[in-house]
Amino acid sequence: MQKILAVDDEVENLAMVEYTLQNEFEVIAVKNVAMAFRYLEQNTPDLILMDIRMPEMDGCEAYQLMKKDERLAKIPVIFLTSANDVETEDSCFEMGAVDFISKPFEPKIMLRRVKRTLELTGRVAEYTHSVTRLGQEHTARQDVETITLQVDGISMDIPVDDIYYVEVFGNTSIVRTAKREYSVRETLERMQDKLGDDFVRAGRSFLLQAKYVSEIVDDIVTMQSGKKVKLPRRNKKEIVQQIMSLRS
């Protein structure tokens, strides 16, 4: 069961958090920041619900301290607030808070936001793990020709040999490999320059790696991935000849 640390100096608020979340999460409720840090010394919850305005140390100050600790900095924080203070909310968002929940709490809204935050956090962690694993695989294959692409702001080296085809929509290219698709901000012309002579341009939107073509029937090329590409009539014969010559 996922753990949620709730920090609020008002007992009534902690009771409401526990009532709202206890059926689906393990809730650890503490009344101040000092108690929260004592718990965090030995534990790493999946999410922290942090009141902003508390005596001795407020939630924003506590969060700043957490960000200095590599282990705690990764824990998502939702701030709890009874004030409609735009400046405070903005500064907390700048620090990295994932959301705000206003007091008095609406149980359904709180539960929905907590679930959404944990779901998004899980997706990010999964994606980061996937990117790291792929990067390690690619590093282990340094003898393989690769193409460097910016995928969601992350630079990735993708083996050219793994690419089935590239489909372009304006300035966005969808690079299809055996395992997944990558969306990158690249034009067809730039992708063609990067990929080289093993790829055949099929009309205005496709670059096909010839060895992954499974069949050509009339003006339809079928890739091993199952993708079907219709060839333009204007230069269909030249495209087919180029594919066949690269496959031979």
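Residues numbered from 1 in each chain as written. Predicted model: local features only at pLDDT ≥ 70, side-chain atom pairs only at ≥ 80, totals over all residues. Heavy atoms only, no water.

**Notes on the overall build of the chain**
For clarity, the threshold we go by: Segments assigned H or I by DSSP are reported as helices when at least four residues long, segments assigned E as strands when at least two residues long, and all are numbered from the N terminus. Only the protein chains shown count as covering a residue, and every accessible area follows the Shrake-Rupley method with a 1.4 Å probe.
Helix and strand counts for the chain stand at seven helices and 15 strands. Carbon and sulfur atoms make up 46% of the accessible area of the chain, which amounts to about 14500 Å² in all.

**Structural notes on the packing of aromatic side chains**
Operational definition: Each Phe, Tyr or Trp ring (for Trp, its six-membered ring) is paired with any other whose centre lies within 6.5 Å, and the angle between the two planes then decides the class: stacked below 30 degrees, edge-to-face above 60, tilted in between. Only protein chains enter the area calculation, which uses a 1.4 Å probe; residues under 20% of their type maximum are buried, those over 50% are exposed, and those in between are partly exposed.
Across all of its chains, the model carries four aromatic pairs by this definition. Seen in terms of ring centroids, Tyr 164 and Tyr 212 are 4.3 Å apart; in terms of plane orientation they differ by 20°. Their pairing is stacked. Linking Tyr 164 in strand β8 (residues 163–169) with Tyr 212 in the loop between β12 (206–209) and β13 (213–217), this pair joins segments that are 48 residues apart in sequence. Of the two residues, Tyr 164 and Tyr 212, both sit in the buried class. Measuring from ring centre to ring centre gives 6.3 Å for Tyr 165 and Phe 206, while their planes differ by 55°; the resulting arrangement is tilted. Remark: Phe 206 occurs in strand β12 and Tyr 165 occurs in strand β8; sequence separation between them is 41 residues. The two residues Tyr 165 and Phe 206 agree in class, both being buried. Each member of the aromatic cluster is reached from another via a ring pair, and the members are Tyr 63, Phe 79 and Phe 100.

**Here we look at the side chain of Asp 51**
Let me state the cut-off plainly: Note on contacts: a residue pair qualifies if any of its non-hydrogen atoms lie within 4.5 Å across the two residues.
Tracing the backbone shows Asp 51 in strand β3 (residues 47–51). For Asp 51, a relative accessible area of 3% corresponds to the buried category. Excluding its chain neighbours within four sequence positions, the residues that come into contact with Asp 51 are Val 7, Asp 8, Asp 9, Gly 59, Leu 80 and Lys 103.

**Description of unusual backbone geometry**
Excluding glycine, a negative phi dihedral is what most residues carry, and trans is how most peptide bonds are arranged. The omega angle of the peptide bond from Lys 103 to Pro 104 is -5°, so this bond is cis rather than trans. By the secondary structure assignment, Pro 104 is in the loop between β5 (99–102) and α5 (107–140). Phi is positive for Asp 218, close to 55°, though the residue is something other than glycine. Among the structural elements, Asp 218 can be located in the loop between β13 and β14 (220–223). Judged by its relative accessible area of 64%, Asp 218 is exposed.

**Thoughts on the sheet that holds β3**
The criterion, for reference: Should DSSP find at least two bridges between two strands, the strands are taken to pair. All axes are obtained by fitting lines to C-alpha atoms, using only the stretch in contact for helices, and the reported angles, taken between N-to-C directions, cover 0 to 180 degrees.
Read across the open sheet, the five strands follow the order β2-β1-β3-β4-β5; overall the sheet is parallel. The sheet is open, and its two borders are formed by β2 (26–30) and β5, each paired with just one other strand. Each adjacent strand pair in this sheet contributes to an overall mean axis angle of 20°, direction not counted. As judged from the four bridges shared by strand β4 (residues 77–81) and β5, these two strands associate in the parallel manner. Looking across to β5, one finds that Thr 81 is bridged to Ser 102. In the packing of helix α1 (residues 11–21) onto the sheet, the strands contacted are β1 (3–7), β2 and β3, and the crossing angle to β2 comes to about 180°.

**Digging into helix α6 (residues 188–195)**
We apply this condition: It is the directions from the helix axis to the C-beta atoms that the arc portrays.
Among the residues of α6, Leu 188, Met 191 and Leu 195 are the ones counted as buried. Looking straight down α6, one finds that the buried residues subtend no more than 65° of arc, so they occupy a single side. Turning to α6, the residues buried within the fold contact β6 (146–151), β8, β9 (172–177), β11 (199–202) and β12. Gly 196, located one to two residues past α6, shows a positive phi value of around 90°.

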